[in-house]
Structures are given as C-alpha cells and as structure tokens.
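Okay, here's what each chain looks like letter by letter:
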Amino acid sequence: MNVMRAFGRSAIRGQVRFLNTPHGGSLINTMVTDEAQKADLIARCNGVTFELNERQSCDTQLIATGAFSPLEGFMGEEDYQSVVDDMKLTNGNIFGLPVCLDTDRTDIKEGQHVLLTYNQQPMAVLDVTSKFKPNKVVECKKLYGTSELEHPGCLMVATERGQYYMGGTIHGLSLPKRDFPCATPAEVRSFLPADKDVVAFQCRNPVHRAHYELFTRALDAPNVGSDGVVLVHPTCGPTQADDIPGTVRYHTYEVLKEETKNERVHWAYMPYSMHMAGPREAIQHMLLRKNYGCTHFIIGRDMAGSKSSITGEDYYGAYDAQETAAKYGPELGMKTVPSLNLVYTEEGYMTADDAKAKELKPLKLSGTEFRRRLRAGEDIPEWFAFKSVVQVLRDAQKA
C-alpha cells in the first residue's frame, strides 16, 4: 500500500494554510503498479474470483484510490457496527455510511484471498479478514431513519445486497474503463489551486440555471476566500431508478463546461452510488470531497433526501442535512456553505427573501412540467435550463 501525504502549502488573507488534509491524515493508495507483484497477488487467490456489480465496483475504486481514506479496504464487522451505531470508525474518525462488500456466497471464508473482477476484468484482490451476517433492519433504521421498503436505500439493502458482508484490505490491480472519466483524488488535487479555498458542489442530476447560479454565488459566502474556486463534482454511479442515467448526465456536464468556460469552476466526476440517506449521506459526501482536497462543501436543502414511493412523504426535514453538516463539520475538518434559496424574477436570479422584499413574483417551472416539455419537444425557457443541456437530454430520449 502506498500512503501519500497530500498537503499543498498556500497563503490567503495573510494566513498560511494547506490544501485540506485527507481524512485520517494521509491519502491512501492501494493501487499496485508492479506487474510481478500483481501476478503474485492473483496467484494467491488460487482461482477464487468474485464478479463485482456496478455499485461494488464504485466502492472498490473509491477505496483503492483513496477517496474513502482512511479505509484501506472494505470494513470489517467492528468498523461496520461502529459506523452504523455511532457514525464513526473504531479509530474515532467520522464516517457517514458503512462500506462493505456484500455477497450470498458461502464458499468464501475468512483468511482467503479473492480476485475481484468487474466486467470480467481483474480489478483488485481482497484479503478477507471478516465475514458476517448483518442485521439489515437495524442497519436501515440507523442509516436511513426508517426500515420501510418505500425508501430506495432500504429497498437496495433488502433486495440487492447479499446476506453476508465481507471486509478486508484490497490491493488495486486496475481501474475500470467507464463511460465517464473519474479522476482520482491525487489527480484532482494536482489540478486544484493550492492557494485558494475549494468549494465542492455535489449533484446527481443535470445542472440547470439555478444550480449554476447557486454554486457560483457560493464563492461570495463570507467564509470563502475572495479568490476561491468551485469544484463541480457530480456522482455518476448508480442512483435512484427514475434518475437520468449517469452517461447522459456526464454529457450534460461536458457541454455545460464548454459553454460556460468559467475559470473559477473546475469539473471532475466520481464513481459513487447514491444511497439517498439524507444527513448521513451529507457527511459521507463531505469526507469524500475532503479527500479530493476541498475545503468547503455546499449543503443544499433536503440534500440526498428521499420520498416514500407510496405516500410521497419526505423521509427527512428540509434542513436536517444542513444541521448535521454544521454540527460535524468542524470535527470533520470541512466548512459548510448552505445553499441559497434562489428564485428567478423579471430582474434575474435572486434570493427568495430579496424577491419578497422587492415585491417581485418568482417565475416557476416544475420538474414535472419540464419533463413534459422535454418529451413533447416544446420550448424550455433559458432562465430555467441551458440550451446545450436541453439538447443532450432530448437527444438521449430519441436514442
């Protein structure tokens, strides 16, 4: 395993500071580069292989490249239980959600070495040091605040995950070729400015005008340096069943990046699968972006929230994620920037409070109406969505 100190010295507002320290102090990197060592690791597996699904491959990649630092592998039972119960690893480091490798296989035992493959290509070797049967009802209740199957996270745990969880160190062999490029934490740190605050913006949907206004105005927050930059860092892995596919979302980001060409906005993509765990997931996103070098994180209203698939009721309060992030941010080493409640008026975008003070009526276009117009080929106002993004979405519908 290669452990890299990832500090970048800088000066701002008369103070010396550093690119944010990786979670746990060091940026983990378990990728093996020596071909002979790779062959030896594979030989240790004695032909035992395990084909990863897309979600599992995302977790494997994030561990191997250090995005989940300080993890060096999948969590064993003690760390799993500690995170479920207390949102902390056994060493005391905050961690929002457990990261384990699930399976239904009974032939894999503790002490074995297993070749992990994805799309039949070698991805990593797992040294199995822990295998256990979790209490999934308790897990869901603790992580998602409910054990109802109407919650997409609970449904995933109950119907997609195997009955056993495995933990142990992983040795990365190769990274999969995805339809969207995923720069590693070390690579992102190499192109982020070391002398500026870096504000992370997480999204899982196409970026529309209000989103763009939100993350560019975040640079004016009082706790952000005057020369700060934004890292737009979408998750392009599996998410809710009715979300736009990751490959389509990726193309919307690329055309928007080309259209805006904003020097203060950087872009990268992350192979993370959403859990829709509300406050817990907000913490998970913050620690991930900390490992990519970010100093600040934009917390939206109802971030990573979810509604019941039956009643339509929200599982979390609108400000639960913001309050949780504010509570744990100092211990995590991340500053938060609550997202502005922006509306569009005849005078342009402004906060809802400013619009009310000026007695301006906000223009509205619901998500349902937007999707209807998209399907029907009807006009979509430019104050709501970028033309280039709309064109990508329409092209995807025709495909």
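Remember, it's a predicted structure, so these values are computed and weren't measured experimentally.

Quick look at the overall build of the chain
Each helix and strand in the chain was counted, giving 13 helices and 18 strands. Whereas a compact globule of 399 residues would reach a radius of gyration of roughly 21 Å, the chain reaches 21 Å, a difference of no more than 12%. Considered along the principal axes of its C-alpha atoms, the chain spans approximately 70 × 55 × 40 Å. Sorting the 399 residues of the chain into buried and exposed places 55% on the buried side. For the chain, the proportion of contacts with a sequence separation of at least 24, taken over those separated by at least 6, is 71%.

Remarks on the confidence of the model for the chain
With 94% of its residues at a pLDDT of 70 or more, the chain has an overall mean of 92. A low-confidence stretch, residues 3-17 stays under pLDDT 50, and its non-local contacts, those more than four residues away or across chains, total 47 contacts.

Quick notes on the sheet that holds strand β14 (residues 265-267)
In space, the 5 strands of this open sheet follow the order β14-β13-β12-β15-β16, with parallel pairing throughout. Only two strands of the sheet have a single neighbouring strand rather than two, namely β14 and β16 (335-338). Across this sheet, the average inter-strand angle for adjacent strands is 30°, counted without regard to direction. One ladder, built from 4 bridges, connects strand β15 (residues 296-299) with β16; its direction is parallel. Looking at the pairing, Phe297 lines up with Thr336 of β16. The strands touched by helix α7 (residues 209-217) within the sheet are β12 (198-201), β13 (229-232), β14 and β15, with β12 carrying the most contacts at an inclination of about 155°. Across the sheet, helix α9 (residues 279-291) lies against β12, β15 and β16, angled at about 150° from β15, the strand it touches most.

Notes on unusual backbone geometry
What you tend to see is this: most non-glycine residues have negative phi, and most peptide bonds are trans. Residue Pro70 is reached from Ser69 by a cis peptide bond, and omega for that bond is 15°. With respect to the helices and strands, Pro70 occurs in the loop between α2 (54-64) and β6 (73-74). With a phi close to 60°, Met87 is a non-glycine residue in the positive phi region. Considering the arrangement of structural elements, one finds Met87 in the loop between α3 (77-86) and β7 (101-103). A positive phi angle, close to 55°, is found at Asn119, a residue other than glycine. Along the polypeptide, Asn119 turns up in the loop between β8 (113-118) and β9 (121-127).

How each quantity is defined
- Residues numbered from 1 in each chain as written.
- Predicted model: local features only at pLDDT ≥ 70, side-chain atom pairs only at ≥ 80, totals over all residues.
- Heavy atoms only, no water.
- Helix = DSSP H or I, 4+ residues; strand = E, 2+ residues; numbered from the N terminus.
- Rg over C-alpha atoms; globule rule 2.2 N^0.38 Å.
- Buried < 20%, exposed > 50% of the residue type's maximum accessible area, 1.4 Å probe, protein only.
- Contact = heavy atoms within 4.5 Å.
- pLDDT = per-residue confidence, 0-100.
- Pairing = 2+ DSSP bridges.
- Axes fitted to C-alpha atoms, helices over the stretch in contact; angles between N-to-C directions.

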